[in-house]
Amino acid sequence: MLDIKLLREKPDFVRERLATRHAGDEAKVSAVLALDESRRAALAEVEQLKATRNAVSREIGMLMGQKKLAEAEAKKAETRAIGDRITELDRLVTEAETGRDTLLATIPNLPHASVAVGRDAADNPEIRVHGTAPVFASKPLTHIELCDKLKLVDFARGTKLSGSGFLLYTGWGARLERALINFLLELHTTEHGYREVAPPYIVGEHCMFGVGQFPKFKDQAYAVQEGMDGSTLGKLYLLPTAEAPVANIHREELLPAQQLPIQYVAYSPCFRAEAGAAGLGTRGMIRVHQFDKVELIKIVTPETGYDELEKLVLNAEKVLQLLGLHYRVINLCTGDMGFASAKTYDIEVWAPGQGAYLEVSSCSNCEDYQSRRMHLRYKTETGENRFPHILNGSGTALARLFVALIETHQQPDGSILIPEALQPFLRADRIPV
RNA sequence: GGAGGGGUGGCAGAGUGGUCUAAUGCGGCGGUCUUGAAAACCGCUGUGGGUGAAAGCUCACCGGGGGUUCGAAUCCCUCCCCCUCCGCCA
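For clarity, every value in this text was computed on a predicted model and none was experimentally measured. (Residues numbered from 1 in each chain as written. Chains lettered and ligands numbered in written order. Predicted model: local features only at pLDDT ≥ 70, side-chain atom pairs only at ≥ 80, totals over all residues. Heavy atoms only, no water.)

Chemist: Kindly report on the packing of aromatic side chains, identifying the contributing residues and their values.
Modeler: Counting across every chain of the model gives six aromatic pairs. Centre to centre, the rings of Tyr169 and Phe402 are 5.5 Å apart; their planes meet at 65°, and the pair counts as edge-to-face. Taken together, the positions of Tyr169 in the loop between helix H6 (155–162) and helix H7 (172–191) and Phe402 in helix H12 (residues 398–408) put the pair 233 residues apart, joining distant regions of the chain. Grouping residues by exposure puts Tyr169 and Phe402 together as buried. (Phe/Tyr/Trp six-rings, centres within 6.5 Å; stacked < 30°, edge-to-face > 60°. Helix = DSSP H or I, 4+ residues; strand = E, 2+ residues; numbered from the N terminus. Buried < 20%, exposed > 50% of the residue type's maximum accessible area, 1.4 Å probe, protein only.)

Written out as structure tokens, the structure reads:
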């Protein structure tokens, strides 16, 4: 949520920044300000009436105490009329305020000044590249072929159980998935200083709103209800990302400044309905309805937000370096950024079987956009209450990491070499044919 | 699912229709005293909105929402959450 004061004071600046997203949201600014204006007009009037009423009521109380009942009755008659006007004006204030905030909640965050202005993914500048694409004597197998050959994933039966977009990991595949999760959690907790949390996999609607998933992406979430009780539908949702519960851990709290920075790491499965998305009817692990992910969350002071973002990206990159994977880091341009983000780096890993880079991490600084939505504040040393910056980054998404890993480290005989860093977790140096 | 109890400031805890502008205590901040500290004493101590250059003025907030009333922490309705016991259950 943007600061309404920023819209009042610098409406043209806000419009200009929003326009760089090419989503048309700048058109909403005037409507928000109009509602804000009518709210304040009604508020000024109703507050004056309430001040009068409070004063008279106090007098009535004193008269009653002095047993001057007739005078008290006269005063009552005098104020009775303004009660109706107050009710009416209160209604107008609430109406304007609700309208203003509902619309304001649909406006995305402003891109940071350092973000490249562009229209779509084609305009994303590349920041750096690590390693080079591995060279194969013959055409490398795709992860689908490898999974079939080594029986790592049973695509057909996964679909039989839950429909397309759901995976049944089997044997070495299931063990590799588990090993990767443990490897990632160990890395970020022991090497990078994150505190591990294990969140609920179902969250309340308010948490989805807090991180900016709702209201815009409601159609991409799986809604759950209790049994056949339809009245509970719309209150709880399966996580699209662990960001939803973890970033909200301190929602509605007032944190002492000494407690910052806060760094959390969490594993969770992620559920994405991707309603209407293309390419979900086919086999493969690149685009699925359920995948595992290890997520990194930071809550920091605004002064350190962008330094922390750089560190966050490096923490995620470390994963790919340790696994011997070729990747690149790109900076999402204004037109390609997520709703709540002010600046985002994507990490894309090379998948030889695909001959393409796959997005395995997205690291964003959402500044105070989310903390304002969830009423999370911190108290500075000078006693001022401020909204902290909230950052999130995948560290990393698993299904695609799995793909890149087996495609990169496949051997001519079809077996897969396990990078040294992962061996203790899988307790093997190779997945045999 | 059934029965009962509860939700008040940073914390503890009073208040059941009218100077509540929420007692009192603890904690915290400042001051007096002291070589220094402690003790004692004095003062201050929440959040959000509106207005204003500021000082200030003002409104709202006692779990959320609605109602009764001139006036609600207090009465009524409704929802949420927590605790205790019973039932069911991995």
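Chemist: Could you give an account of the protein's contact with RNA strand B, naming the residues involved and the relevant values?
Modeler: Contacts to RNA strand B come from 19 residues, most closely from Arg8, Arg39, Arg40, Glu47 and Arg377. Arg8 places a side-chain nitrogen or oxygen 2.6 Å from a phosphate oxygen of RNA strand B. Residue Arg377 places a side-chain N or O atom 2.9 Å away from a sugar or linking oxygen belonging to RNA strand B. Of all the secondary-structure elements, those providing two or more residues to the surface near RNA strand B are helix H3 (28–65), helix H4 (69–104) and strand E12 (377–379). Counting residues per element, the surface near RNA strand B draws most heavily on H3, which supplies twelve residues. The class makeup of the residues in the surface near RNA strand B is four nonpolar, five polar and ten charged. (Near = heavy atom within 4 Å. Polar contact = N/O pair within 3.5 Å; in protein donor to acceptor, adjacent residues only side chain to side chain. Nonpolar A, V, L, I, M, F, W, Y, C, P; charged D, E, K, R; others polar.)

Chemist: Tell me what's going on with the sheet that holds strand E4 (residues 223–224), and back it up with residues and numbers.
Modeler: Strands sit in the order E3-E5-E4 across an open sheet of three strands; the sheet is antiparallel. Whereas interior strands pair on both sides, the edge strands pair on one side only; in this sheet they are strand E3 (202–204) and E4. (Pairing = 2+ DSSP bridges.)

Chemist: Lay out H7 in plain terms, naming residues and giving numbers.
Modeler: Helix length check: H7, at 20 residues, gives a terminal C-alpha distance of 27 Å against a target of 28 Å (1.5 Å per residue), a fit within 8%. Among the residues of H7, Gly173, Leu176, Glu177, Ala179, Leu180, Ile181, Phe183, Leu184, Leu185, Leu187 and His188 are the ones counted as buried. In the segment just after H7, Gly193 is the residue with positive phi, at about 75°. (Expected span 1.5 Å × (residues − 1).)

Chemist: Any chance you could break down the domain arrangement of chain A for me, citing the residues and the numbers?
Modeler: Each assigned domain of chain A is listed here: domain 1 (4–104) and domain 2 (121–431). Summarising the inter-unit geometry, the C-alpha centres of domain 1 and domain 2 are found 44 Å apart. (Domains from an automatic or database assignment.)

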